[in-house]
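Letter by letter, the chains look like this.
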2 protein chains.
Amino acid sequence: MQRYFLDETVADYRESPILMAGEQYHHMIRVMRMKVGEKVYLVFPNQTSFVAEITEIGEEQLSLKWIEDEQKEKELPLSVTIASGLPKGDKLEWIVQKGTELGAARFIPFEGEFSIAKWNGKKSLKKIERLNKIAQEAAEQSHRVSVPEVCSLHTFDQLLEASKHYDACLVAYEESAKNGEKGNLLRTLKKLEPGDTLLVLFGPEGGLSKIEIDQLTENGFLPCALGPRILRTETAPLYVLSAISYEFELDS
Amino acid sequence: MQRYFLDETVADYRESPILMAGEQYHHMIRVMRMKVGEKVYLVFPNQTSFVAEITEIGEEQLSLKWIEDEQKEKELPLSVTIASGLPKGDKLEWIVQKGTELGAARFIPFEGEFSIAKWNGKKSLKKIERLNKIAQEAAEQSHRVSVPEVCSLHTFDQLLEASKHYDACLVAYEESAKNGEKGNLLRTLKKLEPGDTLLVLFGPEGGLSKIEIDQLTENGFLPCALGPRILRTETAPLYVLSAISYEFELDS
């Protein structure tokens, strides 16, 4: 579909007709021989772009009506899954809310060795239902085109099994921060390409046990620090998602 | 001060004497001719480093006692001030808590044109007091070496005045995200150097008015998008702080 850049932004372009004349009129009608009913992309100086349909063709100008805005890319280039060791209180609710705003594709709550919160079958179903509702609302509010999935509560073994399907797996590890590890997150992101899948695991408030960390590394998880400060379990996922957006979605 | 890397990590190194023999003993006593009371840096394989003092020198080994751990860098290389348009409810409390974890140096709450929350004099003092307490606790929890300051409520004009003292000023602007702006945050960070000061302004839930944005840009604020998704007023500051840590604190 032809694309035309207009000189002026029309505020109420969705309601009122857009008029075109001069060179662009000439190009559309004389050069492209467009007829009433044909569609084009129009782009305003403020970078708003939309599909418009020709409604009328005069001797020196034509008018079009707005059909729909152009779909811009709203999703993170990487498909990022956040695995959270069951935290206390309503922390998981806001990991899901903020993580959805920041572009996460999936959330997996799991039972960590140091998780204090426990979900029984019934409670678990209601929690997951509520978390999916929170994800839905956050996706709308943040103008996303897809709603992330909140998976059912996983055991640690189920999580290890699920991790086999990802292009890369990271685990945010407090000891890595304390020991000054600096490169694993950045190096991993530099290696990944749009479309790749990344699983990032975060322990509960108590952190991860030595046994859990050993099992994770044996299963291909790379421990990484998120800077030199110690982040809370509900803050760390937002750091990773923000860093991924910064790495993949911003230009210099 | 001389620095020696030890082969084994000693768990209770703060309490019990550290013994050194072999090559390092030779280097310290025979080559450097160190005496009792002299201090050195010792580093364990787990990268823990600390200052130790020689307490005893024998024929083939010497013993040292722990004095203090070495100060590792915990603070963001940039001094980042977060200016938040007064949001609803307790959102400011957690902007301060999470922002402190993520390394912010200062917080400035200001009255935005679209701020619904209003603070009168008395309420304002109590709020600021509480926010500073939250910053203190978050700084301890995240192992920071400095506690960020939460400033008193600023008017918009006071904020513009304060902005004159910064090396760079950014404003997170929803319209920038909608219009696909991608480069201003990253380009600004690439220009800044450790020690520089950065002010980042965020509107309240209602966003910023056209008049406010115009005044900000006239005063040298650069509007920037934080990726293509629309972030809540309490999420956006965490994105910026995480991006700064990713840019300045992680290595490839």
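Numbering of residues starts from 1 in every chain and runs along the sequence as written. Both sets of labels track the order of writing: A upward for chains, 1 upward for ligands. It should be noted that, the model being predicted, local features are given only for residues of pLDDT at least 70 and side-chain atom pairs only at 80 or more, the latter also being counted only at that level, while totals for whole chains, interfaces and linings use all residues. The basis for every side-chain value is the complete set of non-hydrogen atoms in the structure, without hydrogens or water.

The next thing to look at is the packing of helix α2 (residues 91-101) of chain A against helix α3 (residues 121-141) of chain A. All names here are of chain A. Only C-alpha atoms enter the line fits that serve as axes; for helices the fit covers just the stretch in contact. Angles between N-to-C directions range over 0 to 180 degrees. Strands here mean DSSP runs of E at least two residues long; helices mean DSSP runs of H or I at least four residues long; both are numbered from the N terminus. Where α2 meets α3, the closest approach of the two axes is 8 Å, and the angle between their N-to-C directions is 30 degrees. The angle between α2 and α3 falls in the class roughly parallel. As α2 packs across α3, the resulting crossing turns out to be right-handed. Of the residues in α3, those in contact with Leu92, Glu93, Val96, Gln97, Thr100 and Glu101 of α2 are Arg130, Leu131, Ile134, Ala135, Ala138, Ala139 and Gln141. Following the grouping adopted for this structure description, the nonpolar residues are Ala, Val, Leu, Ile, Met, Phe, Trp, Tyr, Cys and Pro, the charged ones are Asp, Glu, Lys and Arg, and the polar ones are all others, Gly among them. Residues of the contact of α2 with α3, tallied by class, amount to seven nonpolar, three polar and three charged. What sets the label is the angle itself: under 35 degrees gives roughly parallel, over 145 gives roughly antiparallel, 65 to 115 gives roughly perpendicular, and the rest give oblique. The sense of a crossing depends on the near helix, which, turned anticlockwise from the far helix by less than a right angle, makes the crossing left-handed and, turned clockwise, makes it right-handed. Contacts: residue pairs with any heavy atoms within 4.5 Å of one another.

Each copy superposes on the other: chain B lies on chain A with an RMSD of 0.4 Å after a rotation of 179 degrees and an axial shift of 0.0 Å. The superposition of one copy onto the other is thereby described by a two-fold rotation axis. If distances are taken from each C-alpha of chain B to the rotation axis, the shortest is found for alanine 243 of chain B, at 2.6 Å. Of the interface residues in chain B, 100% have counterparts in chain A that sit at the interface too, so the contact is made through matching surfaces. Only residues with pLDDT of at least 70 in both copies count here: their C-alpha atoms drive the least-squares fit that superposes the copies.

Let us now look at the domain arrangement of chain A. Throughout the structure description, domain borders are defined by an automatic or database domain assignment. Its domain assignment divides chain A into domain 1 (3-69) and domain 2 (79-250). Once you take the C-alpha centre of each, domain 1 of chain A and domain 2 of chain A turn out to be 46 Å apart.

Glancing now at the side chain of threonine 233 of chain B. Note on placement: threonine 233 of chain B falls in the loop between β11 (221-224) and α8 (236-249). For the purposes of these results, a polar contact is taken to be a pair of N or O atoms within 3.5 Å, where, inside protein, one atom must be able to donate a hydrogen and its partner to accept one; residues adjacent in sequence count only when each atom of the pair is a side-chain atom. Within the local environment of threonine 233 of chain B, its side chain forms a polar contact with the backbone oxygen of glycine 203 of chain B, the two atoms lying 2.7 Å apart.

All names here are of chain A. Position of valine 40 among the secondary structure elements: in strand β3 (residues 39-43). When its relative accessible area of 0% is taken as the criterion, valine 40 is described as buried. Contacts of valine 40, omitting those with residues within four sequence positions, involve Met1, Gln2, Tyr4, Met28, Met34, Phe50, Val51, Ala52 and Leu64. The classification of residues rests on relative accessible area computed with a 1.4 Å probe and restricted to protein chains. Under 20% of the type maximum is buried, over 50% is exposed, and intermediate values are partly exposed.

The next thing to look at is the pattern of salt bridges. For salt bridges, the criterion is a side-chain nitrogen of Lys or Arg within 4 Å of an Asp or Glu carboxyl oxygen. Inspection of every chain in the model, using the stated rule, returns 30 salt bridges over all chains. For the salt bridge of lysine 164 of chain A with glutamate 161 of chain A, the shortest nitrogen-to-oxygen distance reads 3.5 Å. Put simply, glutamate 249 of chain B and arginine 229 of chain A hold a salt bridge, and the shortest N to O gap is 2.7 Å. Here glutamate 249 of chain B, found in helix α8, pairs with arginine 229 of chain A, found in the loop between β11 (221-224) and α8 (236-249), and the two come from separate chains. Comparing glutamate 249 of chain B with arginine 229 of chain A shows no difference in burial state: the two are buried. Three or more residues joined by partner-sharing salt bridges are found here, namely Lys91, Glu205, Arg232 and Glu234 of chain A together with Lys98 and Glu101 of chain B.

Contacts between chain B and chain A engage 48 residues on the former and 50 residues on the latter. Buried area: the accessible area, evaluated with a 1.4 Å probe, that two parts lose upon being put together, summed over both parts. Both faces combined, the contact of chain B with chain A buries some 4400 Å², and carbon together with sulfur accounts for 53% of it. Area buried by chain B at its contact with chain A is led by Arg229, Arg232 and Tyr246 of chain B, which between them contribute 19% of it. Residue lysine 98 of chain B pairs with glutamate 234 of chain A through a salt bridge whose shortest N-O separation is 2.6 Å. Our count for the chain B to chain A interface comes out at 24 residue pairs in polar contact (both at pLDDT 80 or more). Secondary structure elements with two or more residues in the side of chain B that touches chain A: α2 (91-101), α3 (121-141), α6 (184-191) and α8 of chain B. Examining the composition of the side of chain B that touches chain A, we find that eight residues originate from one element, α8 of chain B, more than from any other. The class makeup of the residues in the side of chain B that touches chain A is 17 nonpolar, 15 polar and 16 charged.

Cavities and pockets are found on a 1 Å grid laid over the protein atoms alone: a cavity is a set of points where a 1.4 Å probe fits but cannot escape, a pocket is an open set with protein on both sides within 12 Å along at least five of seven lines, and a lining residue has an atom within 4 Å of such a point. Grid points are joined across faces, edges and corners, and a volume is the space filled by probe spheres set on the points. Scanning the entire structure with this criterion turns up two cavities of 30 Å³ or more. Taken together, Leu86, Pro87, Gly89, Leu92, Glu93, Trp119, Lys127 and Leu131 of chain A make up the full set of residues lining the largest cavity. Those elements that place two or more of their residues in the lining of the largest cavity are α2 and α3 of chain A. Tallied by class, the residues present in the lining of the largest cavity amount to five nonpolar, one polar and two charged. If you go around the second largest cavity, the residues you meet are Ile82, Ser84, Leu92, Ile95, Val96, Phe107, Ile108, Pro109 and Val150 of chain B. Elements supplying a minimum of two residues to the lining of the second largest cavity: β6 (79-85), α2 and β7 (106-110) of chain B. Residues belonging to the lining of the second largest cavity are distributed by class as follows: eight nonpolar, one polar and no charged.

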